[in-house]
Amino acid sequence: MVRLRYPIPPASEITPKGVRVRRRHFLQQAGGLLLAAAAPGLSAAPAWQAGTADAVQSPFSTDEPLTDQAMAAGYNNFFEFGTGKEDPKRHAHRLRTSPWSVEISGEVDRPGHYTLEDILAPHGLEERIYRLRCVEGWSMVIPWLGFPLGDLLRRFEPTSRAGYVVFETLHDPEQMPGQRSRILDWPYREGLRIDEAMHPLTLLAVGMYGEVLPNQNGAPLRLVVPWKYGFKSIKSIVSIHLQEEQPIGSWEAQQPAEYGFYANVNPQVSHPRWRQATERRIGEGGRRRTEIFNGYGELVADLYAGMDLRRHF
Ligand SMILES: Nc1nc2c(c(=O)[nH]1)N[C@H]1C(S)=C(S)[C@@H](COP(=O)(O)O)O[C@H]1N2
Ligand SMILES: [Mo]
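To start, this report covers the structure provided alongside it. (Residues numbered from 1 in each chain as written. Chains lettered and ligands numbered in written order. Predicted model: local features only at pLDDT ≥ 70, side-chain atom pairs only at ≥ 80, totals over all residues. Heavy atoms only, no water.)

With that settled, consider the overall build of the protein chain. Helix and strand counts for the protein chain stand at eight helices and 13 strands. Counting all 313 residues of the protein chain, 58% fall into the buried class. In the protein chain, 73% of the contacts between residues at least 6 apart in sequence involve partners at least 24 apart. Of the accessible surface of the protein chain, which amounts to about 13,800 Å², a share of 51% is contributed by carbon and sulfur atoms. (Helix = DSSP H or I, 4+ residues; strand = E, 2+ residues; numbered from the N terminus. Buried < 20%, exposed > 50% of the residue type's maximum accessible area, 1.4 Å probe, protein only. Contact = heavy atoms within 4.5 Å. Areas by Shrake-Rupley, 256 points an atom, 1.4 Å probe, with all protein chains shown as cover.)

Structure (structure tokens):
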């Protein structure tokens, strides 16, 4: 049985209340969730068995105040469960997150269908407190639990032709009643350029606030790309496909004039219906100025050197 080992961080790097206290809660839930999914004969041991996991506080975390946990889990965009902000919380209990598997395909040397346990087993968990900015003009600060997407992709050995990564959400109108309406071309699909996908800020999240992800926040596995508008952070992922050509995401397909492939947070490029110059932090009054790359420019601006970000919005 694989026993996961986590680097023990210096005490100063552990948020006293943020990780340690709530960790127990997370482990109980995660243990239940993942143990339930692990049938005899499956290769990997369930991740995060009690006593083996310790989430490390990431140096990429912001020290801004966290958004209230109930708000982060009660005001969501997850169109598979309806278009209202409270629909996902109301309906996402219909999603069965266990058993879960993810197909890795395309330009990788080790394609296949992997169980969630296989996907997660070798990865340690970090807590990453990120700002997330929705194109609709609001933002949140959420403590995610996850690990870098790049660490996962490297395991499956991308070929030299892997220029882009395409992600898909589960497509099952029985569990996701919002998929009966044609607002988007299901399944929800999003993509990243390979260097964006491999960037250390790009996170695959399995939890938040020290607990397993609520279904409405994209359980059991979602992307978090903090320098891009929220719609890039695709939820409930079942497919990761590497390819040579730039893909077209669901929102870009639906309305190319409004949603570009890059979707980098950019206060200078307005969405036709929502100005991007300012934002409302959920739970706070007033508005604050929106920062280029959502404030992560120092870490990511190099990815776009020489590109006209008004054209490649
Ligand atoms: N599958 C899927 N992923 C999705 C969405 C969606 O409708 N379906 N909405 C996106 C949008 S627009 C935003 S702002 C974020 C919201 O994430 P949160 O609800 O966890 O804050 O999820 C993104 N991921
Ligand atoms: Mo969004």
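Here the focus is the sheet that holds strand β3 (residues 112-115). Taken together, five strands build an open sheet; the order of strands is β3-β2-β11-β6-β7 and the sheet is mixed. This sheet does not close on itself; its edge strands, each paired only once, are β3 and β7 (189-193). Averaged over neighbouring strand pairs, the angle between their axes works out to 20° when direction is ignored. (Pairing = 2+ DSSP bridges. Axes fitted to C-alpha atoms, helices over the stretch in contact; angles between N-to-C directions.)

As a matter of local geometry, ligand 1 sits amid 16 residues, with N76, F79, E80, R222 and K235 nearest to it. Between T169 and ligand 1, the recorded distance is 2.9 Å, taken from a side-chain N or O atom to a nitrogen atom. Between ligand 1 and S233 there is a distance of 2.9 Å, counted from a nitrogen atom to a backbone nitrogen or oxygen. In isolation ligand 1 offers 530 Å² of accessible surface; the protein chains occlude 98% of this area. Tallied by class, the residues present in the shell around ligand 1 amount to seven nonpolar, six polar and three charged. (Near = heavy atom within 4 Å. Polar contact = N/O pair within 3.5 Å; in protein donor to acceptor, adjacent residues only side chain to side chain. Nonpolar A, V, L, I, M, F, W, Y, C, P; charged D, E, K, R; others polar.)

The next thing to look at is the pairing of β7. By the criterion of burial, β7 is predominantly enclosed, with four of the five residues buried. By the bridge criterion, five bridges tie strand β6 (residues 164-169) to β7 in an arrangement that is antiparallel. Paired with V165 across the bridge in β7 is L192.

Core analysis: the biggest nonpolar cluster contains 77 residues, and I119, W144, L149, F167, L223, W227 and I240 have the highest contact counts within it. It is strand β5 (residues 138-148) that provides the largest number of residues to this core, a total of six residues. Beyond its immediate stretch of four places on either side in the chain, L223 contacts L149, F167, L192, T202, L203, L204, K232, S233, I234 and I237. (Core = buried A, V, L, I, M, F, W, Y, C linked by side-chain atoms within 4.5 Å.)

In this section: the environment of I240. You can see I240 is positioned in strand β11 (residues 237-243). Each C-alpha atom of the pair I240 and V166 lies 5.7 Å from the other, and the pair is 74 residues apart in sequence. What I240 contacts, discounting residues up to four positions off in sequence, is V102, E103, I104, S105, L152, L153, V165, V166 and F167.

Before going further, it helps to spend a moment on the packing of aromatic side chains. A ring pair, where both rings are aromatic, is described by two values, the distance of the centres and the angle of the planes. Summed over all chains, the structure comprises 11 aromatic pairs. With 5.2 Å between their ring centres and 85° between their planes, Y75 and W138 make a pair best called edge-to-face. With Y75 in the loop between α2 (69-72) and α3 (87-91) and W138 in strand β5, this residue pair connects regions lying 63 residues apart in the sequence. Ring geometry for W251 against Y259: centres 5.1 Å apart, planes inclined by 50°, an arrangement best described as tilted. We note that W251, like Y259, is buried. Counting every residue linked through ring pairs, the aromatic cluster contains Y164, F261, Y262, F293 and Y304. Across the ring face of Y296, the terminal group of R131 is positioned such that the distance to the ring centre comes to 4.5 Å. The aromatic ring of F261 is capped on one face by K232, whose charged end is 4.1 Å from the ring centroid. (Phe/Tyr/Trp six-rings, centres within 6.5 Å; stacked < 30°, edge-to-face > 60°. Lys NZ or Arg CZ within 6 Å of the ring centre and 35° of its normal.)

Within β5, 11 of the 11 residues are buried, which leaves it mostly tucked inside the rest of the structure. When strand β4 (residues 126-133) meets β5, the two strands line up antiparallel, connected through eight bridges. Its bridge partner being in β5, R128 is matched across the sheet by W144. Hairpin connection, β4 to β5: the antiparallel pair is bridged by four residues, and G137 has positive phi, about 110°. Bridge analysis of β5 against strand β12 (residues 278-281) gives two bridges, and the strand direction is parallel. What sits directly across from W138, in β12, is R280. In this sheet, strand β8 (residues 203-208) lies alongside β5 in antiparallel orientation, the contact comprising five bridges. Across the sheet, the residue bridging to W144 is M208, located in β8.

Within the secondary structure, E190 is located in strand β7. Taking relative accessible area as the criterion, E190 reaches 3% and is therefore assigned buried. Put simply, E190 and K232 are 42 residues apart on the chain and 6.1 Å apart in space, counted from C-alpha to C-alpha. At 3.0 Å, the side chain of E190 forms a polar contact with the side chain of K232.

Attention now moves to the side chain of T290. Along the chain, T290 turns up in the loop between β13 (288-289) and α8 (297-300). For T290, the side chain forms a polar contact with the side chain of R133, separated by 3.0 Å. Here the side chain of T290 touches T278 through a polar contact of 3.4 Å, landing on its backbone oxygen. Not counting residues within four places of it along the chain, the set of residues in contact with T290 comprises R133, V265, P267, Q276, A277, T278 and E279.

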